[in-house]
Every structure is written in C-alpha cells, then in structure tokens.
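Below are the chains, spelled out letter by letter.
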Amino acid sequence: MQSKHGLGICLIVLVAALWVGGSYLIQLIFTDTAFHKPLFLTYFTTSNFSLFLLGLLCNHPCRSPGEPAWITTGQDSDSDQSIVAVPPPVYSLRCVAKFALWFVPTWFVGNLAFNSSLATTSVASNTILCNTSSLFTFVFGLACLRAKFQWIKLLAVACTFAGVTIVALSDNSPSFEDPVFGDMMALVSAVFYSINVVLLSLFVTNEAAFPMPIFFGFIGLFTALLLWPLLPLFHALQWEPFQLPSPRILGFLFTNALIGSNLSQVLWAKSVLLTSALTATLGLSLTIPIAMLCDWILGRMRFSPIYVTGSALVVLGFVLVNCADQVQTRFARIRRSANTPNPLLSDPQL
C-alpha cells in the first residue's frame, strides 16, 4: 500500500511538471503564433486520445482479472472467520466505453475553460486559480465519496487556499486582453476538474484492473465523433472563426497533444487511483512553485517575499494532506496509551 502511494506521489510531481510545460506551450500557441482557438485546441488534443485505442489491436486489457481480493466470512475450525478469495471487478470494454461517454461532457468543458483562460490571462494566474480545485474536491469528496472528515485535511485545504490567495494578490504578471474573463474560466476549470476527480474515484474501485489508456482512448473517440458540430457552431456565432493551423502551429499542437495532454492526463488519472482524490488535487498545487522555479531560471520574473510565502503554504498543504493518515493514527495511539491504566498504579497490593 505504501509503495503504491509513493508511486502516486511521484506521478503527481511528474504531472505537475508536464502541466506547467504544457501551459507555457499553449500560451505560446495563443500569443506568439496568434492562433487564438481554445475550442479547436481542446477538440484537437482531446480527439488525439483516440490513439490509445490502437493498443486494442495488440492486447485486450479488459480481460485480465488481476489479483484476487481476500475477504473474511463464515466460520472455520481454527478461528472465528474463514478467508475466501474474491476476484476483483473486471471492467469490460462496453463498461469502460459507457463510463467514458458519461465522462466526456465534464472533461471537455473543464479543458475548454482551462484553455480559454490561458488565451486571456497569464500562466501564473491560470495556475493559481485552477489550484482552488482542492476546495471543491474536499467538499465533493465529503458529499459524494463519503470521505472521512479529518481536521488536518481541512487545515491542508486552508493552507492551500491561503497560499493561492496570497500568490494571486501579489502576482505581478503582465496584463492580458481580458484577465477577468480568464480568471473566471480558470475557476470554472477548477470546478470541473474536481468533478472529474470525484467521478473517477466513484467509478473505479480496482485500479489494477481498470484500463486507463483505453478509457481515455474512448474519451478521444467520442469527442471526435460527437463534438465536431461545435466547430461550425462557434464559427457561425462568431465566437471562434474556424481556421486551419499552419504546419508550424500543427507541430506545436501535436507536441502538446501527445506529451502535455495525452501522457499527463493518463498519469494524472493513475495518480488519483493510487492516492486519493484530495491528495491528487492538492498535489497538483505543486504547479505553482514549479512555475515559479521555471520563471526564475528563465529570468522572466522576480518574486517578492509575500509571493514566496504563498507558494510555501501551498507546498505545506500538499505535505499535510499526505501525512494526514499517519498523524491521525499516531494521535489515536497516543490517546489509547493515555487512557490505558497502568497496572502498577492500579494494583491495590502495591
């Protein structure tokens, strides 16, 4: 269990780095190449998930039953309970495809809002506001996942939110065309990110048997087949006039789709299953200090002490949520030890 959690934390850090790099690449597409097409970018990158379905030609990942699960039931001659092997749930292709179909709307809207935000505000502001998803995940997790309430996790969310607020107020990034709209879209993206995390945790009960790449492959397939009418609709309404990308822009789009989107999203989903919904959400708050480090190395920004303090609070929230279970267990042991009477003191003969 600890090795799985450790692997999930490593994946979270890797995904955070990929997302920061992808955000800079998307903004490069929007600003330096003047290709302001958030809808086309979202449709293009999501549709490329369908490449994962090529794996079905080589292997059928949904046929593997995985490792057997063990439960205690009944009676035996040696103990009060007997151990029975129960196979974990097996996800058929039809089951995975059905869930992907339900997943497409929230996934597409969240990513469209994220890309729309990058078109009108800075990467720093986008990253900061998207990390408020920890608040929504905490609330949705308590309501839908029946997650156990822990004060230390509430403290972790409070630290993250305080850090995000401090960074937002002290952010000195250059102004964009419509930063208010971009900030609103970042918040919408945060809400839908939290919904996606909770939906994934609700549906997938056995991460070892769930074919994550095939799941995202179906998301890409359904997006390509069902959501293409949005392109002519947005063109007709003059919300986003359709324009074919140049070869240079197309190369950027493919790079972002394959590395910044396809790979990172699969790793993100796997990290949710290996850790928890709240851990994965707060963990991606690491994008803030990673973005700061990149800007500092590139010499783009100088950060005030207040800005650094806010980022430190974000990292503290990440550490707290990962140590919550261990701290809770240790406090429980201390309370049990304190309530256990000392036999030397309770013996009347002494």
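Residues numbered from 1 in each chain as written. Predicted model: local features only at pLDDT ≥ 70, side-chain atom pairs only at ≥ 80, totals over all residues. Heavy atoms only, no water.

(A) Fine view of unusual backbone geometry. The phi dihedral of Gln 238 falls on the positive side, at around 60°, and the residue is not glycine. By secondary structure assignment, the location of Gln 238 is in the loop between helix 9 (230-236) and helix 10 (247-274). In this structure Gln 238 comes out as exposed when scored by relative accessible area, which is 54%. (Helix = DSSP H or I, 4+ residues; strand = E, 2+ residues; numbered from the N terminus. Buried < 20%, exposed > 50% of the residue type's maximum accessible area, 1.4 Å probe, protein only.)

(B) Seen up close, helix 4 (residues 123-130). The buried fraction of helix 4 amounts to 8 of the 8 residues, a majority that puts the element mostly inside the structure. Among the residues making up helix 4, those that are buried are Val 123, Ala 124, Ser 125, Asn 126, Thr 127, Ile 128, Leu 129 and Cys 130.

(C) The arrangement of the environment of Ala 190 in detail. Note that Ala 190 resides in helix 7 (residues 179-203). In the structure, Ala 190 is positioned 60 residues away from Cys 130 in sequence and 4.7 Å away in space, judged by C-alpha atoms. Residues within four places of Ala 190 in sequence aside, it is in contact with Leu 129, Cys 130, Thr 132, Ser 133 and Phe 136. (Contact = heavy atoms within 4.5 Å.)

(D) Local environment of the packing of aromatic side chains. Applying the stated rule across the entire model yields 16 aromatic pairs. When the ring of Trp 107 is compared with that of Phe 216, the centres are 5.3 Å apart and the planes differ by 70°; the resulting orientation is edge-to-face. Taken as a pair, Trp 107 in helix 3 (residues 93-120) and Phe 216 in helix 8 (residues 212-226) lie far apart in primary sequence, 109 residues in all. Considered together, Trp 107 and Phe 216 belong to a single accessibility category, that of buried residues. Three or more aromatic residues joined by ring pairs make a cluster, and in this case those are Phe 49, Phe 52, Phe 99, Phe 103, Trp 107, Phe 203, Phe 215 and Phe 216. (Phe/Tyr/Trp six-rings, centres within 6.5 Å; stacked < 30°, edge-to-face > 60°.)

(E) Main features of the packing of helix 2 (residues 38-47) against helix 10. Between helix 2 and helix 10, the shortest axis-to-axis distance is 9 Å and the interhelical angle comes to 60°. Between helix 2 and helix 10, the interaxial angle falls into the category oblique. At the point where helix 2 passes helix 10, the crossing takes the right-handed sense. Side by side, helix 2 and helix 10 meet where Phe 40, Leu 41, Phe 44 and Thr 45 of the first sit next to Leu 250, Leu 253, Phe 254, Asn 256, Ala 257, Ser 261 and Asn 262 of the second. Class assignment for the residues of the contact of helix 2 with helix 10 results in 7 nonpolar, 4 polar and no charged. (Axes fitted to C-alpha atoms, helices over the stretch in contact; angles between N-to-C directions. Parallel < 35°, antiparallel > 145°, perpendicular 65-115°, else oblique. Left-handed = near helix turned anticlockwise from the far one by under 90°. Nonpolar A, V, L, I, M, F, W, Y, C, P; charged D, E, K, R; others polar.)

(F) Local environment of the packing of helix 3 against helix 4. At a minimum axis separation of 8 Å, helix 3 and helix 4 run at an interaxial angle of 145°. Helix 4 is crossed by helix 3, and the crossing has right-handed handedness. The residues of helix 4 that touch helix 3, namely those facing Phe 114, Ser 117 and Leu 118, are Val 123, Asn 126 and Cys 130. Each residue belonging to the contact of helix 3 with helix 4 can be placed in one class, and the counts come to 4 nonpolar, 2 polar and no charged.

(G) Looking closely at the nonpolar core. Leu 200, Phe 215, Phe 216, Ile 219 and Trp 268 are the most contacted members of the largest nonpolar core, which has 64 residues in total. Contributions of two or more residues to this core are made by helix 1 (2-31), helix 2, helix 3, helix 4, helix 7, helix 8, helix 9 and helix 10. Counting residues per element, this core draws most heavily on helix 3, which supplies 12 residues. Residues Ala 124, Val 164, Ile 288 and Tyr 307 belong to the second largest nonpolar core, which totals 8 residues. (Core = buried A, V, L, I, M, F, W, Y, C linked by side-chain atoms within 4.5 Å.)

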